[in-house]
Structures are given as C-alpha cells and as structure tokens.
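Chain by chain, the residues run as shown.
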Amino acid sequence: RIPSNMSLEDLDQILPHIVDDGLPDGGEFVVANLDEGERTASLVAVLVWHGFLPMSGVGLLLGKLHLNRCVLEPRETHLAKKVRKRAKAFRLTVGEAWSQVVEHIQRLTYTSAPG
C-alpha cells in the first residue's frame, strides 16, 4: 500500500526499484486510497510514467505492473485483407491531437468529475 503521506517525489524514486525487482510479495499491484484531489491525478501520472496500468475499485487506486508484457511490432503484425480494407477510412497518428483525445475521454467515458 502506498502511504497517503508519502511524497510523490519519494514514490518516483521507489517505483523504478519495484519495476526492476518486483514487489516483496511477488504480486503485481500497488494500492493507494482513491480520492477526488489533485494528489490522485498526480499519482496516476507517476504510476503510468513508470509502466503501471492504473485501475480503480471501491475507493482504491490500483497500479498494476504486468510482469509479462506483449509488444507487437506494426510491421510484423498480420492484418487480414478484410481488415485492411475496412481500415482505409482510419489513420493512426501519434502526438497530433492530445487535447482532442483528452476531451473525448472526458466526454465519452465514465468519470466522477470532469478534468
């Protein structure tokens, strides 16, 4: 459990060791209390930066560290002809529409508060 009084700077120093060495119990989750404050948003950012997948449930923020990961190389990924045909209407970009992405996440997904 991440203590609520632990500074984000201290957590930022500890997380790389957790990523490299794993959790003491061999688990894949770090846990923190979930609230509506700015700390939770900053905590999510720190977790994501270090490779954790943030989730929430019943008042808790869960940072999941996948011990086994899968990386797909786009050039090595097979797409069926039917999929390629349907995908012609779409375009994948990186880093071109951040504000629109954030706006759509806020508007189209469940959140307890905007922002």
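See the structure printed just above.
What you are looking at is a predicted structure, and each value in this text was computed from that prediction instead of being measured. (Residues numbered from 1 in each chain as written. Predicted model: local features only at pLDDT ≥ 70, side-chain atom pairs only at ≥ 80, totals over all residues. Heavy atoms only, no water.)

Asker: Looking at this structure, I do not really get the overall build of the protein chain. What am I missing?
Answerer: Across its full length, the protein chain holds four helices and three strands. Ordering the α and β elements of the protein chain from the N terminus gives α-β-α-β-β-α-α. Radius of gyration (C-alpha) of the protein chain: 18 Å, far over the 13 Å computed for a compact globule of 115 residues. With respect to the three principal axes, the spread of C-alpha positions in the protein chain is 50 × 35 × 25 Å. Here the protein chain, with 115 residues, has 17% of them falling under the buried criterion. Long-range pairs, those at least 24 residues apart, make up 63% of the contacts in the protein chain with a sequence separation of at least 6. Surface summary for the protein chain: the accessible area is close to 9,600 Å², and the carbon and sulfur share equals 58%. The positive charge centre, built from 13 side chains, and the negative charge centre, built from 14, are 21 Å apart in the protein chain. (Helix = DSSP H or I, 4+ residues; strand = E, 2+ residues; numbered from the N terminus. Rg over C-alpha atoms; globule rule 2.2 N^0.38 Å. Buried < 20%, exposed > 50% of the residue type's maximum accessible area, 1.4 Å probe, protein only. Contact = heavy atoms within 4.5 Å. Areas by Shrake-Rupley, 256 points an atom, 1.4 Å probe, with all protein chains shown as cover. Lys, Arg positive; Asp, Glu negative; His and termini not counted. Charge placed at Lys NZ, Arg CZ, Asp CG, Glu CD.)

Asker: Hey, could you run me through the environment of asparagine 68 in this one?
Answerer: Structurally, asparagine 68 is set in the loop between β3 (60–64) and α3 (81–87). Along the primary structure asparagine 68 and tryptophan 98 are separated by 30 residues, whereas in three dimensions their C-alpha atoms are 29 Å apart.

Asker: Please clarify how the sheet that holds strand β1 (residues 29–33) should be interpreted in this entry.
Answerer: Hydrogen bonds between backbone atoms are what pair the strands of a sheet, whose relative direction is either parallel or antiparallel. Here three strands make up an open sheet; going across it, the order is β1-β3-β2 and the pairing antiparallel. The sheet terminates laterally at β1 and β2 (53–57), the two strands that pair on one side only. Neighbour-to-neighbour, the strand axes of the sheet open up by a mean angle of 25 degrees, direction not taken into account. Sheet topology note: the β2/β3 ladder contains five bridges and is antiparallel. (Pairing = 2+ DSSP bridges. Axes fitted to C-alpha atoms, helices over the stretch in contact; angles between N-to-C directions.)

Asker: Looking at this structure, how should I read the packing of aromatic side chains?
Answerer: Note on aromatic pairs: each is described by the distance of the centres and the angle between the planes. Within this structure, the stated rule accounts for zero aromatic pairs. The cationic tip of lysine 64 hangs over the ring face of phenylalanine 29; the distance from NZ or CZ to the ring centre is 5.5 Å. (Phe/Tyr/Trp six-rings, centres within 6.5 Å; stacked < 30°, edge-to-face > 60°. Lys NZ or Arg CZ within 6 Å of the ring centre and 35° of its normal.)

Asker: Would you explain the environment of isoleucine 2 in this entry?
Answerer: On the secondary structure map, isoleucine 2 appears in the segment before α1 (8–21). For isoleucine 2, a relative accessible area of 9% puts it in the buried group. For the pair isoleucine 2 and leucine 62, spaced 60 residues apart in sequence, the C-alpha to C-alpha distance is 10.0 Å. Setting aside residues up to four positions removed in sequence, isoleucine 2 forms contacts with Leu11, Val30, Val31, Ala32, Arg39 and Leu43.

Asker: What's the story with a positive patch on the surface in this structure? I'm lost.
Answerer: Taken together, the side chains of Lys81, Arg84, Lys85 and Lys88 make up a positively charged region of the molecular surface. Inspection of the secondary structure puts lysine 88 in the loop between α3 and α4 (98–108). (Patch = residues over 30% accessible without salt bridge, like charges linked within 9 Å, V, L, I, M, F, W, Y side chains within 5 Å. Salt bridge = Lys/Arg side-chain N within 4 Å of Asp/Glu carboxyl O.)

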